[in-house]
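This is what each chain is made of:
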Amino acid sequence: VGGGGGGSTITQQLVKNGEADAYVATRNPERAAYADTSAEALTYWDVALYFRKGDTRFAHIRSMQDLAGMQIGSLNGNGWSRKNLVGMQVQYVNKMNLLPKMLLLGRIDVIPDNPYVMRNLLRQEPGAASIDEVLPGFLREGMYLHAGKHSALRRQLPELDTVLRKMKQDGSWQRIHDQYK
């Protein structure tokens, strides 16, 4: 199983070609063509905005359209970016660790991405103290298990959905998420 940051294009290709079983990502029609998807979200994809400290443009962001005209950085293969940043100036990179460096160098203005992913990445970035985060709260999308149509794992998706529903009902699913804030 692969994943992280919306299912990398490499992992997606491996599942599509039958060389890997599954990955975790948002839903989209392209993925449905080669993978069966869990009915229940395994996790969710919150989007926070990362920008250089002191950049006052981010104090009043109310929608993604407020980012129009800015240079946006994102990971190649990020389905959320492809869906939500249509028509915007997006620079895609193949390695996530390049984004904070580009931000600090002024090559991009903002990185809209998942706080769990970015906070972990910024722990390894020497210039992280110069980067601010704002979590607008209006951006949340479910992340689902996509099991390749060739994979035996896809037959277990109903069982996984049952377990996830029970975890959500008893509160354990949220308690797990709360540990990563």
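Refer to the structure printed above.
Residues numbered from 1 in each chain as written. Predicted model: local features only at pLDDT ≥ 70, side-chain atom pairs only at ≥ 80, totals over all residues. Heavy atoms only, no water.

Peer 1: If you had to explain the overall build of the protein chain to someone new, which residues and values would you point to?
Peer 2: Secondary structure assignment for the protein chain yields seven helices and nine strands. Computed over its C-alpha atoms, the radius of gyration of the protein chain comes to 17 Å, within 12% of the 16 Å expected for a compact globule of 181 residues. Considering the protein chain as a whole, with its 181 residues, one finds that 44% of them fall into the buried category. Put simply, of all contacts in the protein chain between residues at least 6 apart along the chain, 67% involve residues at least 24 apart. Across the protein chain, the centroid of the 23 positively charged side chains sits 1 Å from that of the 18 negatively charged ones. (Helix = DSSP H or I, 4+ residues; strand = E, 2+ residues; numbered from the N terminus. Rg over C-alpha atoms; globule rule 2.2 N^0.38 Å. Buried < 20%, exposed > 50% of the residue type's maximum accessible area, 1.4 Å probe, protein only. Contact = heavy atoms within 4.5 Å. Lys, Arg positive; Asp, Glu negative; His and termini not counted. Charge placed at Lys NZ, Arg CZ, Asp CG, Glu CD.)

Peer 1: Now, about the pattern of salt bridges: what can you tell me, with residues and values included?
Peer 2: A complete count under the given rule lists twelve salt bridges for this structure. Across the pair E40 and R165 runs a salt bridge, and its minimum N-O distance is 3.4 Å. One end of the pair, E40, is in the loop between β2 (35-37) and β3 (43-46); the other, R165, is in helix α6 (residues 157-170), and 125 residues separate them in sequence. On the accessibility criterion, E40 (17% relative accessible area) is buried. Judged by its relative accessible area of 36%, R165 is partly exposed. (Salt bridge = Lys/Arg side-chain N within 4 Å of Asp/Glu carboxyl O.)

Peer 1: Pulling in residues and values, what's your account of the environment of H177?
Peer 2: Along the polypeptide, H177 turns up in helix α7 (residues 172-178). Linking H177 and Y116, residues 61 residues apart in sequence, is a C-alpha distance of 9.9 Å. If we ignore the near neighbours within four places in the chain, the residues touching H177 are L42, T43, Y44 and Y116. Reaching out from H177, the side chain makes a polar contact with the backbone oxygen of W173 at a distance of 2.9 Å. (Polar contact = N/O pair within 3.5 Å; in protein donor to acceptor, adjacent residues only side chain to side chain.)

Peer 1: If you had to explain the nonpolar core to someone new, which residues and values would you point to?
Peer 2: Across soluble globular proteins, you tend to see nonpolar side chains buried next to one another. Counting 21 residues, the largest nonpolar core has F58, L67, W80 and V110 as its most contacted members. Listing elements by their share of this core, those giving two or more residues are β1 (22-25), β4 (48-52) and β9 (140-148). A per-element tally of this core places β9 first, with three residues. Grouped together as the second largest cluster of nonpolar side chains are 14 residues, Y50, M96, L103 and L122 included. (Core = buried A, V, L, I, M, F, W, Y, C linked by side-chain atoms within 4.5 Å.)

Peer 1: Quick rundown of the environment of A25? Include the residues and the values.
Peer 2: Residue placement: A25 occurs in strand β1. Judged by its relative accessible area of 0%, A25 is buried. Separated by 16 residues in sequence, A25 and A41 have C-alpha atoms that sit 9.4 Å apart.

Peer 1: Which residues make up α6, and what values go with them?
Peer 2: Look at α6: 20 Å from first C-alpha to last across 14 residues, which is about the 20 Å you get at 1.5 Å a residue. Of the positions making up α6, those classed as buried are L157, D161 and L164. Looking down the long axis of α6, one finds its buried residues gathered within 65° of arc, a one-sided arrangement. Pointing more than 90 degrees away from the buried face of α6 are the exposed residues P158, E159, K166 and Q169. For α6, the elements touching its buried residues are β2, β9 and α7. Of the residues trailing α6, G171 is marked for its positive phi of about 90°. (Expected span 1.5 Å × (residues − 1). Arc of directions from axis to C-beta.)

Peer 1: Give me the side chain of D113: which residues, what numbers.
Peer 2: Within the fold, D113 resides in strand β7 (residues 111-113). Not counting the four nearest positions on each side in its chain, D113 is found in contact with W45, D46, V47, A48, Y50, N78, M96 and M118.

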